[in-house]
Every structure is written in C-alpha cells, then in structure tokens.
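Commentary on secondary and tertiary structure
Single-letter residue listing:
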Amino acid sequence: MSEWSGTVWLGAVALVLLLTLGAIILVYLLMRLREVRQRLSDREAEHEVVLDRLQENENRLRAVFESEPECVKLQSADGTVLEINPAGLALIGAEQPEDIIGRKIFVIVAPEYRDYYRENMRRVFAGESVVYEFKAITLKGRSCWMESHAVPLRDARGNIHALLGITRDITEHKWAEEQARRHQSELTRVARLSTMGEMATGIAHELNQPLAAIANFARGCLRRLRGGEVTCAELIVPLEEICQQADRAGEVIRHVRDFVRKRVARMSAVDINLVVRSAVRLTELESRQQYAHVGLDLAPQQPRVWADSIMIEQVVSNLIRNSIEAMAEARSPHREVTVKTRQLGEDAVEVEVSDLGPGIDGALIDQVFDQFFTTKPDGVGMGLSISRSIVESHGGQLRAESRPGGGAVFRFTLRAIGRTLADNERRYSLHH
Amino acid sequence: MSDATVFIIDDDQAVARSLRWLIESVRLKVETFTSAQGFLDQYDPARAGCLVLDVRMPGLSGLELQERLKAQHGYHPPIIFITGHGDVQMAVRAVQAGAFDFVEKPFNDQDLLDRIQRAIAHDAGQRDREEQRSQLKALFASLTPREREVLDLVVGGMSNKGIANALGLSAKTVEVHRAKVMEKLHARSLSDLVKMALQNQGG
Ligand SMILES: Nc1ncnc2c1ncn2[C@@H]1O[C@H](COP(=O)(O)OP(=O)(O)OP(=O)(O)O)[C@@H](O)[C@H]1O
Ligand SMILES: [Mg+2]
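Residues numbered from 1 in each chain as written. Chains lettered and ligands numbered in written order. Predicted model: local features only at pLDDT ≥ 70, side-chain atom pairs only at ≥ 80, totals over all residues. Heavy atoms only, no water.

Here we come to the site of ligand 1. Residue and element names in this part refer to chain A. Around ligand 1, a shell composed of 20 residues is seen, among which Asn-322, Thr-374, Thr-375, Lys-376 and Met-382 lie nearest. Between Thr-374 and ligand 1, the recorded distance is 2.5 Å, taken from a side-chain N or O atom to an oxygen atom. Interatomic distance of 2.4 Å between a side-chain N/O atom of Thr-375 and an oxygen atom of ligand 1. Protein burial of ligand 1: of its 600 Å² of free accessible surface, 89% is covered by the chains. At the level of elements, α8 (309–329), α9 (383–393) and β12 (408–415) are the ones that each hand at least two residues to the shell around ligand 1. The greatest single-element share of the shell around ligand 1, amounting to four residues, is contributed by α8. By residue class, the composition of the shell around ligand 1 is nine nonpolar, eight polar and three charged. (Near = heavy atom within 4 Å. Polar contact = N/O pair within 3.5 Å; in protein donor to acceptor, adjacent residues only side chain to side chain. Areas by Shrake-Rupley, 256 points an atom, 1.4 Å probe, with all protein chains shown as cover. Helix = DSSP H or I, 4+ residues; strand = E, 2+ residues; numbered from the N terminus. Nonpolar A, V, L, I, M, F, W, Y, C, P; charged D, E, K, R; others polar.)

In structure tokens:
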C-alpha cells in the first residue's frame, strides 16, 4: 500500500463520517422543524378557539343588548351617544341609529333638566352609579318622564371611558302619582269644607255675639245723641266696648281659618256599616225631638271601603237629618228613615237613605245639590253640596230620587277594596 | 212703674253690658246677671219689671228658669227670650210654656224696647190685679159666717124673702145682714156686690 492510497482511504472514511453526521443533523433538524410546525399549528388552533369564544360572547352580549326591552346606551363624557339598542331608539323616537349615534344626548332632554342631567353624568364619570329622573322630549316631539340607571364603564387599565345607561319611560307612573296627589288635595279641601259645615252653626253663634254687642252699643249711643242728652265723655266707654267687640269678632275668624287649614283627609279601610251606625248616633237627638225613627238594613260581610270615615259619617248624618227635617216640616204621620247598605257587583258598596216624607219636586231634583239652595227658614243649604263633594272626592256618586209613593231616596257609592286596590299596592311597592 | 227693673240674663258679659247700655237709653233701671242661677239666688218676687234672656245658655236654661220661678212663686215677671238663628222653635216652646214674648237676633232696637215696655206694663197690670185681689180677700175675710151665707144667697139671685125662708130668719134680720155686708165690702149696689163676689171666687 502506498502512502497516497492510505490518504485516500482516510479521506473517504472522513467523508463518510461527515456525510453521516450531516444526515443525522439534517434528520434532527427536520424533526425539530416538524415539531415546531406542529406546535405552531396547535397554538393557532388554540387561538382560533379563543377567538371563536370571544366572538360567541360578543354575539351573545349583542343579542341581549339588541333584544333588551329597555333602552340601553353608551355615552362618552361629553354626552355623545356611542351606542344604543333598538328599544332605546324606539324610546327616544329615532327611526335609525344614525338619528342619534354621534349626536349629543341633550337633544332629547327637556331644557329645564339639562343641567341636572349633566351633573349626574359628571358623577358617573367620577366613578359613581346613579339613578335620576328627568323630563324628556323625544325626537318625535312627545314629552315624557324618564328614569335612568347609569354606571361607569372601565377599560383594561381601569380608566372610565364610557357611561352605560339603562333608561325607561315612567310617564304613566308619574301621572298616577300626580293623580294620587291631586286626589289627596281634593280630599283635603273637602275635609276643610265639611268641617266648616260642621262648625257653621258654632261659628255663627261665636260671631253673632260680638256683632250683637256692637249693634247694641252703637244704637244706645245713637239714641242718646239723637235725644241730645249725652256728653262726649259718656260715650267713651261704649265706643271702647265697640272696638273690643270688633277685635273679638276678628279673633273668631282667625281661629276658624287656622282650624280649617289644618284638617286633612285621613283615609283608611273602613267598614261602612260601622260608619252608618255612628252617623245614626249623631242624629239621635233630632230623631227623638221630631218623633222620627231611623231603621237600619245593613248587608252583613261586605268588603271594606277606602275612605275618610269621619267625612262619610257626615254625609250619612246629613242625609238622615235632611230626611227627619223634611218629614217634620211636612208633618208626616209616619216618620221613618231607612239606611240601607249593600254590595254592588265586585268593587262597589252602596249606601241608601230613604224616608217617608214629601219627596223632592222633580224640577228641583238637581238643584238640591246646589250650594245655598234651601227651602228651610233656618237652613244654610250646604248639607247636600258638601255631601256630594265628599262622595265625589272618594271617587263615588251621590244621587237623589223621588219615590212615586212619596218620600225621597238618596244613594251613593264607594269603591270597595278589592282586586283593584291590591293591584295598585303591588304596583307601587315595585317602585319603592 | 218708675221702679220697674229690667233683669238681663246672658252668659256673654259683653252682650249683657251692651243690652244694659241700650235699655238704659230709655231710662229704665237695668240689672245684669251672667247665669239663670245667679238671678234665682237673689230673686225677690216683690220687685216689678221684666226679664230679658238668651234662650241658649249654659247651665240652667231659660226654659228651666221659667219653670222654677213658676213653681216657687206662682207668679213671675214676664220673660222676653232673645233667640239666635235657628232657635225659633225653642222660643215658640218657651212662649207656649208661658213666656211673654221673644225677639229674634239680630233684632231691631226699637222693637226690643217696645216689647220691654209692654212687658213692664203687663207686669204692672198683673201686680195691680194681684193687689186688688188680696185686698178683696181681706174684706171677705172680715164677714161673719152668717153674713157669708146671706151674701152667697144674694149673689145666687134670691130675694130677701126667699133668703129669710131658707135660713129661718125674719126678713128684717136678713135686711140687716145684707146692709152690713154692703158696708164691710164697700159695695154701693147689688151689682157691685155680685161682681166682687165673682172676682173673689175667681182669684
Ligand atoms: N229627604 C228630603 N226630602 C225632601 N227634601 C229634601 C230632602 N233632603 C233635602 N231636601 C231639599 O234639599 C234642600 C237642600 O238640602 P241641604 O241639606 O243642602 O240644605 P238644608 O238642609 O236646607 O240646609 P243645611 O245646610 O242646614 O243642611 C233642602 O232645603 C230641602 O228642600
Ligand atoms: Mg241639610
């Protein structure tokens, strides 16, 4: 063997080794590459799943947002509407999203409520959750009351970037509240009136005393002056008396005014039969004096009525008193008054007061309810007028009728506490 | 009549004072009381005049006062009730029970004063008659039983002769008794005698 051939052999071996190594490395690299590819594609798949989930979530939220029956909207700090759902569009009277998105929300807030609205927005962007009511005028021009619950929306870094508001129309509720308030103040007015009626006789007496004294003192002075037999000094005392009595009369009037101002209606669930009984008790003296008898025909177990019992008691006693007076005036032989109660359908109770007196002339049947209409020498003519306003302020009606055989019939209805009231109460408790 | 007094009873002192001032303008004597009881406590039936009082009074009412006076003294001065709006029925009842009159508030001053004058005159008349009646009673009391018998028969329309027969006396004796009776009773004629006898019976 030559030296050269040995070298070639060595070279060949080295080459083979090198090639083998290279192949091994290549295979290794290829395997790594496959591995990495695999991993990469796994990652991708994972990523896709996440993306899908995100998409799914977003769809779900959007569906909720879109189908939410109340107005949901996003606003920026300056009041620009960023997003709004279909219910919101309907609420503010927009035809399509562009009508309001990108515009300032203040376009639908009634001018007198804008400052208040801004103040609430400011609080939300300061991190508070708030509830506020405001008057709105929709894009279609309808004015209504709205109530908003607003909370801040934060980004990943915790910065507040929008206001999320849920708003609903509370116009009807507001109206009901307003009605209730009006009703209450009407009742209060009637309560005052009826107390006045009750007190009228008392007041008349209280006022008549000082007035009578004044007249007597003044006439005594005139007589002496006309007779020419009096000195100025003698007139001082009676004139002072006159002044004092005038002050006294003024005092009476002031008292009355204070008293009248204070009476407010007190509503409660009332058993009408109890009210009738106490009204009868109130008229006992008159019936005894006029030889009249008051009979009762009361339906057992009726629903209660929502009423101011003192006022209703007054209505019933007014009617009984009128009957007694009418029969006494006409010298009726059988002086019988009947007070009847009965349930009318599901939700009303009727009270009827009838007598065996002369009845009421057909031409006068409406007039008897007029203020100051009276056929009695010492009547005031307030009884029926006050009674009618009391009944009406309770949501009922008072009617008169003359019976063919003679005798008058007065009837009024009151709302029974039934389903309607329970409904109302439920509705109100939802809001409070 | 000059010593007649108007007694005013009214629980309202100002009203009572004003009535006094008004009534004194016709120079009548006035006394005021604030309750019916107060008046009763000092009441002297011998004092002439009339009462003016409000129908509506706390405590003893006007009607009750009227009843008490009647029960205790038989006679009471005329009462004028003052009634307020709506009290007319009460006043009518008072008049039925013997009140003299009533005036409705607000009243005309002349009207009230006229009624007061009338009441005082009525009281004076009553007192005069009462006076006469008691004098008459005293005269009759001075007759002897026999004279009384004779008088009764004379008034019954019997002649002297009839009386003599009935009593078993002589006509002469009857004549004497009769003259005595005339003298004692200050009667001037037969008709005087009859009138006085009837008056005495009536009292
Ligand atoms: N039961 C009745 N029978 C016949 N007439 C009646 C009856 N009730 C009322 N009237 C008539 O109606 C009128 C008005 O009645 P109302 O109660 O309003 O006043 P009044 O009784 O006259 O006075 P007051 O204010 O004192 O009650 C009476 O004056 C009477 O003519
Ligand atoms: Mg009446």
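Residues and elements named next belong to chain B. Burial along strand β5 (residues 101–104) is one-sided: the residues Asp-101 and Val-103 are buried and none of Phe-102 and Glu-104 is. Pairing analysis gives four bridges linking strand β4 (residues 79–83) to β5, with the strands arranged parallel. Across the sheet, the residue bridging to Ile-80 is Asp-101, located in β5. (Buried < 20%, exposed > 50% of the residue type's maximum accessible area, 1.4 Å probe, protein only. Pairing = 2+ DSSP bridges.)

A separate point is helix α1 (residues 13–24) of chain B. All names here are of chain B. Between the first and last C-alpha of α1 there are 16 Å, a value that for 12 residues agrees with the 16 Å anticipated at 1.5 Å per step. For α1, every residue scored as buried is listed here: Ala-14, Val-15, Ala-16, Ser-18, Leu-19, Trp-21, Leu-22 and Ile-23. Between the side-chain oxygen at the start of α1 and the backbone nitrogen of Ala-14 there is a gap of 3.1 Å, and the oxygen is on Asp-12. (Expected span 1.5 Å × (residues − 1).)

The next subject is the interface of chain B and chain A. By convention, interface size is frequently given as the accessible area that disappears when the constituent parts associate. At the interface, 23 residues of chain B touch 20 residues of chain A. Carbon and sulfur atoms supply 48% of the area buried between chain B and chain A, which totals about 1900 Å² over both sides. Taken together, chain B and chain A are joined by five salt bridges. In this structure, the salt-bridge partner of Asp109(B) is Arg219(A), at a minimum N-O distance of 4.0 Å. Across the contact surface, chain B and chain A share 10 residue pairs in polar contact (both at pLDDT 80 or more). Among the secondary structure elements, those contributing two or more residues to the side of chain B that touches chain A are α1 and α5 (109–141) of chain B. Tallied by class, residues from the side of chain B that touches chain A come to eight nonpolar, six polar and nine charged. (Contact = heavy atoms within 4.5 Å. Buried area = accessible area lost by both parts, 1.4 Å probe. Salt bridge = Lys/Arg side-chain N within 4 Å of Asp/Glu carboxyl O.)

So, on to the sheet that holds β5(B). All names here are of chain B. With parallel pairing, five strands are arranged side by side in an open sheet as β2-β1-β3-β4-β5. A strand with exactly one partner marks an edge of an open sheet, and here the two such strands are β2 (29–33) and β5. Between one strand and the next, the sheet's axes are offset by a mean angle of 20°, whatever the strand orientation. Along the sheet, α1 makes contact with β1 (5–9), β2 and β4, crossing β2 at roughly 175°. (Axes fitted to C-alpha atoms, helices over the stretch in contact; angles between N-to-C directions.)

By themselves, these figures tell us nothing about what the structure is for.
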